[in-house]
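# Tertiary structure, described
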Amino acid sequence: MTRMAQDHEPNDDSTDLELIARWKAGDERAATSLVARHSPALARFAVSLGQRTDVDEVVQDTFVRAFGSLHSFRADSSLRTWLFTIERRLILDRRRSERRRRDDTSVDDADAATEFDALDEIVADEAESRVKKAVEQLSRLQKEVFLLRVNEGLSYKEIAEVVGSTEGAARVHYHNAMRAVKESLYV
Amino acid sequence: MFDCADVEMRELLPDMAAGSLDDATRARVEQHLASCAECASELETLHLVRSAYATTPRVDVQRIVAALPKAVPLPERTHGAQPVKRWIDWRVAAALTMISVGGFSLAVARHQSNETRPRDSAAAVASVDTQRARPVKTAVSGGSPSSIHDTTRPVARSGRAASAPQPKAQLAFAGGTDDMDDASIKVLLGALDEMDRAPVAPSAEPDPTPVLPVIKTGQP
């Protein structure tokens with residue numbers, strides 16, 4: 001399957017910080033550029049975290065929350081890392097509230113096979129299906145770290161910021177996940 | 001069993017799969033891959049993962065932008081406004097400080113005045129016994145008993161001696177004369193006599209000396 005990401009990088013070549021400054025000054029087009037630049041990665045990350053429905057809504061909520069506190073953004077990390085952090089927290093909160101409401105649903109490790117079943121209809125290629133099944137069997141934290149490293153190209157330092165861990169712990173999670181995926185595929 | 005011992009190369013494989021390595025690093029990795037089956041297999045797995053998770057749900061950018069809060073530009077500070085505000089703040093702070101210090105001083109003065117009154121009376125009684133001229137006792141506000149000065153200037157003298165040399169106008173002593181020896185009393189009386197003999201010239205100018213309260217001695 002070819003990458004279907006709609007990473008339509010906006011024509012605006014400005015950096016994130018420049019766009020933020022323009023938005024703060026009242027330029028609404030800067031907001032459009034920022035959303036167009038980062039929404040595909042946020043949508044992918046939401047799916048990788050197990051968000052099956054309302055991905056659009058999750059991405060929107062992430063941007064609304066981020067722009068609501070953009071004045072306090074200090075650029076200690078990249079904007080994308082900051083957005084990932086917000087989105088991850090939002091998804092975990094939604095998951096907790098859903099779990100509380102239904103009282104019998106868990107999207108944790110035990111339900112990885114169920115998640116895979118739903119995805120299996122989408123993924124036609126057998127090799128991709130197998131690797132997806134292998135990834136879904138990882139623990140939630142391993143999966144987050146693994147996909148942020150492989151799919152989004154984040155460094156261990158950035159991953160540590162997103163998942164609230166340390167750089168060393170993120171590296172260990174990645175290598176453990178890689179070993180588990182390979183064992184699942186080739187053993 | 002599946003892991004290459006070259007940790008550096010393994011760390012670079014995700015970036016190799018993403019195509020984000022520079023030319024030199026990519027050439028090094030390719031050279032390593034040519035001789036390392038473990039890393040070649042791992043890179044293939046990474047490509048599969050990227051492909052499997054490449055599907056991106058469609059998001060409506062315009063709808064998201066429409067839901068965003070509006071940017072509120074921060075008001076710019078004018079150069080003149082800030083110092084005025086600081087000046088006002090400073091004045092308020094100074095006024096509050098003066099009020100609090102003044103109130104405290106007044107309270108202390110009243111408290112000490114109450115404490116020293118009996119001793120003043122005793123000293124005054126003692127001075128009646130020894131004085132020739134009637135001294136005016138002035139109490140310095142906030143002072144201790146030792147800081148009470150007897151201005152031994154007669155009450156009748158309201159003018160200021162402009163031309164005549166002034167004798168030592170103030171004799172400070174604490175307490176009464178009971179604990180003074182005879183020699184000290186003589187010295188004191190001599191000074192009083194000297195002050196009485198000093199000529200007093202009337203002055204055309206009003207006396208700038210503030211009118212000081214007279215402490216009554218209790219004697220008729």
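Below: a short report on this structure. Given the structure is predicted, the values throughout are model-derived calculations rather than measurements.

### Thoughts on the interface of chain B and chain A
Contact with chain B, which involves 37 residues of that partner, is made by 54 residues of chain A. Counting the surface lost from both chain B and chain A, the interface buries some 4,300 Å², and carbon and sulfur atoms represent 60% of this. Linking chain B with chain A are six salt bridges. A salt bridge links Arg171 of chain A to Glu11 of chain B, with the nearest nitrogen and oxygen atoms 3.1 Å apart. There are 18 residue pairs in polar contact (both at pLDDT 80 or more) connecting chain B and chain A. Elements with a contribution of two residues or more to the side of chain B that touches chain A: α1 (7-18), α3 (37-52) and α4 (61-67) of chain B. Element by element, the count of residues in the side of chain B that touches chain A is highest for α3 of chain B, at nine residues.

### Some words on helix α6 (residues 182-197) of chain B
An α-helical turn contains 3.6 residues, so a residue and the one three or four places further along point in the same direction. All names here are of chain B. Compared with the 22 Å implied by 1.5 Å per residue over 16 residues, the 22 Å span of α6 between its first and last C-alpha is a close match. Within α6, burial applies to Ile185, Leu188, Leu189, Ala191, Leu192 and Met195. Taken down its axis, α6 places every buried residue within 155 degrees of arc, on the same side. Seen from the open side of α6, the exposed residues pointing more than 90 degrees away from its buried face are Asp182, Lys186, Val187 and Arg197.

### Thoughts on the nonpolar core
Core analysis: the biggest nonpolar cluster contains 73 residues, and Phe63 and Phe146 of chain A have the highest contact counts within it. With 11 residues, helix α2 (residues 28-48) of chain A is the single largest residue contributor to this core. Ignoring sequence-local partners within four residues, the contact set of Phe146 of chain A consists of Val135, Leu138, Asn151, Tyr174, Ala177, Met178 and Val181 of chain A together with Val49 of chain B.

Reading the values: rules and limits
- Residues numbered from 1 in each chain as written.
- Chains lettered and ligands numbered in written order.
- Predicted model: local features only at pLDDT ≥ 70, side-chain atom pairs only at ≥ 80, totals over all residues.
- Heavy atoms only, no water.
- Contact = heavy atoms within 4.5 Å.
- Buried area = accessible area lost by both parts, 1.4 Å probe.
- Salt bridge = Lys/Arg side-chain N within 4 Å of Asp/Glu carboxyl O.
- Polar contact = N/O pair within 3.5 Å; in protein donor to acceptor, adjacent residues only side chain to side chain.
- Helix = DSSP H or I, 4+ residues; strand = E, 2+ residues; numbered from the N terminus.
- Expected span 1.5 Å × (residues − 1).
- Buried < 20%, exposed > 50% of the residue type's maximum accessible area, 1.4 Å probe, protein only.
- Arc of directions from axis to C-beta.
- Core = buried A, V, L, I, M, F, W, Y, C linked by side-chain atoms within 4.5 Å.

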